[in-house]
Amino acid sequence: MRSLPPAMMFIHGGGFRGGSKLSAAPAGYTRYFAERGFVGFSIDYRVLGDYGTLPDTINAALDANTELSHDDREQAKAIYPAVRDAKAALRWIVANADQYGIDTDHITIAG
């Protein structure tokens, strides 16, 4: 019986301020892992200025933090939806595992 390959989900860099799954680094990493038997996925996530509605508690806590600059508070606000997007991408990979023939017991995340 042939075992299914593992999956690798790559999250691009950019400090929650920018970046894209289409940049050279994600493509290079997913190709590197694919050559070693992984099924690679490169994901995007919402970044600064594109994060929509946040829970009131997060907004209030960050807005009240006067030790952070305005830009740093906005960057911190971008983390919450970015994490939600990454979790949604991981759920999508698991939900579509049969289509891509991957072993859901062996998924790694890099970025």
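Keep in mind the model is a prediction, meaning the values are calculated, not measured. (Residues numbered from 1 in each chain as written. Predicted model: local features only at pLDDT ≥ 70, side-chain atom pairs only at ≥ 80, totals over all residues. Heavy atoms only, no water.)

Draft legend 1. Local environment of the pairing of strand E1 (residues 7-11). Within E1, four of the five residues are buried, leaving the element largely enclosed by the surrounding structure. In the sheet, E1 pairs with strand E2 (residues 39-43) via five bridges, with the strands oriented parallel. Bridging across to E2, methionine 8 finds its partner in glycine 40. (Buried < 20%, exposed > 50% of the residue type's maximum accessible area, 1.4 Å probe, protein only. Helix = DSSP H or I, 4+ residues; strand = E, 2+ residues; numbered from the N terminus. Pairing = 2+ DSSP bridges.)

Draft legend 2. Representation of the environment of serine 42. Looking at the secondary structure, you find serine 42 in strand E2. Apart from the residues within four sequence positions on either side, serine 42 is in contact with Phe10, Lys21, Pro26 and Thr30. Of note is the side chain of serine 42, whose polar atom sits 3.3 Å from the backbone oxygen of lysine 21. (Contact = heavy atoms within 4.5 Å. Polar contact = N/O pair within 3.5 Å; in protein donor to acceptor, adjacent residues only side chain to side chain.)

Draft legend 3. Fine view of the nonpolar core. Residues Ala7, Met9, Val39, Phe41, Ile43, Ala86, Ala89, Ile93, Ala97 and Ile102 constitute the largest nonpolar core, which totals ten residues. Those elements giving two or more residues to this core turn out to be E1, E2 and helix H3 (70-95). (Core = buried A, V, L, I, M, F, W, Y, C linked by side-chain atoms within 4.5 Å.)

In short, shape yes, function no, at least from these values alone.
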